[in-house]
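Observations on the model geometry
Residues per chain are reported as follows:
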Amino acid sequence: MGNITETYDVIIVGAGHAGCEAALASARLGLKTIVFTISVDSIALMPCNPNIGGTSKGHLVREVDALGGEMGKNIDKTFIQSKMLNKSKGPAVHSLRAQADKQDYTREMRRTLENTDNLTIKQGEVASIIVEDGVIKGVKTTSNATYYATSVVLATGVYLKAKCIYGDVCQHTGPNGLSAATHLTESLEENGIKMRRFKTGTPARVDKRTVDFSKMEEQFGDERVVPFSFETDPESIQKDQVSCWLTYTTEKTHEIIKENINRSPLFSGMIEGTGPRYCPSIEDKVVKFADKNRHQVFIEPEGLYTNEMYLGGMSSSLPEDVQDAMYHSVPGLENATIVRNAYAIEYDCIEYGQLLPDLEFKAVKGLFSAGQFNGSSGYEEAAAQGIVAGINAARFCQGKDTIVIDRSEGYIGVLIDDLVTKESHEPYRMMTSRAEYRLLLRQDNADLRLSKIGYEVGLISQERYDRICLKEKLIAKEVERLENTSIGAARENQEILEKIGSTHLKTATTLAELIRRPELSYDLIAELDHDREELPDDVKEQVNINIKYSGYIERQKKQVRNFKKIEGKKIPSDFDYDKVKSLRIEARQKLKLYKPINIGQASRISGVSPADISVLMIYMEQNIM
């Protein structure tokens, strides 16, 4: 008997947060799909922080849900604390964040994958890709089994040639002691894919029984929990929540780090990979922010099944004895028992500039890519890329056009566009400041923005889509009514305004104008609105935001219209930049490397100036358009 040979439509390599979304999307679209994982027990593993969401990341989770993905549903089933961040600020930066029960999160996602039609889970390491004439044909495993497919999605996370490092200790493993994937990098390089080393890190875990919480500030969840998924009934997730805790590093902590900084592999040269700028280790913080005498440390439960607590904000790769002294210098952790040491993890990922906007490799047709393998960081960024790569791998098999979400449609569009068009020399992290149109791209309206795409590709049911269309109509109808309903300065109206903390009317005004007052809202003016009908809470929320911020929203919509104009100016795939003589050499090199699909994308490539774009547009108008 020979080696195993099997055929599928789509192969997914890796079953982390990117791989899970890619596999589910492909299988749910009717494609025969197989997902490979180093360990079936590590499906949707959370090897670092025990939470989903957060500033801007909550937006991504909502958008994944709006497209028909699973992450939002899964955290709604398995959270132990939930909190809406930035509530004191405007709705553009409100972001949901939930503490997960790590084991429960993994178990629930695994259950979902195992019970999805068209989806096969296979434990095994993919050793090489099979490419013929620049087209993907399948993969081979370390056992020499061959799996053929029309498209493949690489979602290898932090496992490629992974090394876990702290002090002088260097272990050739993936996170949590799992096996590293040691063979695939060589095969990718042989097929023209350029690789590089990145690193990330994780803090120590301590035994809850040995923590003195009396020296810390208790952090509670929200009294009323808001679900991540638009499909989750809010009433079904109101439950008792577990507290998190806040403490701070001390000057003694910083002294210990400074005295031992030469022993840190980050500074000794033992770690070669570049780490994330916006999630630095504690030794990085102490060196770079020498003026600060303390840093926040969040003590977060890893789940209801364990006493392990995660020390958020204190990731490190210092030697074990230094970690011991450093953590014990933090108020409340003086007698803490360290269950798992902090460590840095170094891994292979791809160089920038090799992907098309649909996450297909330029060098290999039918080969797609998602997650930390693309140079991003974070569970949410991975899931967002995963669902897009999974959809596009499936559509590639079906002979359909792939989808591209643009920057004006979603944070997913911003994330992928940044990864595809910008030079990144460190793990990419999503932030609200990266989105130009963030007042339009709020987490509360992700369903209204993206569910049409989810419906058109086949991941959103007709019933769900009909509900969203109805919601849209109700919002528009109510906004119009409020804009056209006036009330006068009658005594009873003045008394109501006084009662709700607002100033008297001098003349008649519309209900919409009242809502625009800073101190008022749609619900607060209910007593003045005699024709008001009862509407769902999510409709009322949208009505209030759309009216209160109407001026700003209209301004951003105008900006989007201008953005669409340059995004609409397509650049032929075989365009010869060498013929545009007035282009600067750097711009010509970058444009040839990235091969932008339109003028808008070209304008966002680092090294391409506004003057270069003007030259390019003039040339195209004279010679192509």
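What comes next concerns the included structure. (Residues numbered from 1 in each chain as written. Predicted model: local features only at pLDDT ≥ 70, side-chain atom pairs only at ≥ 80, totals over all residues. Heavy atoms only, no water.)

**Regarding the pattern of salt bridges**
- Scanning all chains against the criterion turns up 53 salt bridges.
- Across the pair arginine 407 and aspartate 417 runs a salt bridge, and its minimum N-O distance is 2.7 Å. Taken together, the residues span a long stretch of sequence, with arginine 407 in the loop between helix 10 (379-398) and helix 11 (411-421) and aspartate 417 in helix 11 at a distance of ten residues.
- Residue arginine 407 is classed as buried on the basis of its relative accessible area of 2%.
- Note that arginine 604 and aspartate 417 form a salt bridge whose closest N and O atoms lie 2.5 Å from each other. In this pair, arginine 604 is assigned in the loop between helix 19 (599-603) and helix 20 (610-623) and aspartate 417 in helix 11, connecting sequence segments 187 residues apart.
- In this structure arginine 604 comes out as buried when scored by relative accessible area, which is 14%. (Salt bridge = Lys/Arg side-chain N within 4 Å of Asp/Glu carboxyl O. Helix = DSSP H or I, 4+ residues; strand = E, 2+ residues; numbered from the N terminus. Buried < 20%, exposed > 50% of the residue type's maximum accessible area, 1.4 Å probe, protein only.)

**A closer look at unusual backbone geometry**
- Phi at asparagine 118 takes a positive value of approximately 70°, unusual for a residue other than glycine.
- By the secondary structure assignment, asparagine 118 is in the loop between helix 4 (102-114) and strand 7 (119-123).
- Taking relative accessible area as the criterion, asparagine 118 reaches 39% and is therefore assigned partly exposed.

**Regarding the sheet that holds strand 3 (residues 33-37)**
- Spatially, the five strands line up as an open sheet ordered 7-3-2-11-22, and their pairing is parallel. Both edges of this open sheet fall to strand 7 and strand 22 (367-369), since each of them pairs with a single strand only. Ignoring strand direction, the axes of neighbouring strands in this sheet form an average angle of 20°.
- With three bridges connecting them, strand 11 (residues 151-154) and strand 22 associate as parallel partners. Looking across to strand 22, one finds that valine 152 is bridged to leucine 367. (Pairing = 2+ DSSP bridges. Axes fitted to C-alpha atoms, helices over the stretch in contact; angles between N-to-C directions.)

**What to know about the environment of lysine 140**
- Structurally, lysine 140 is set in strand 9 (residues 135-141).
- Along the chain, lysine 140 and valine 126 lie 14 residues apart, while their C-alpha atoms are 5.8 Å from each other.
- Filtering out sequence-adjacent residues up to four positions away, lysine 140 remains in contact with Val126, Ala127, Ser128, Ile130, Ala145 and Thr146. (Contact = heavy atoms within 4.5 Å.)

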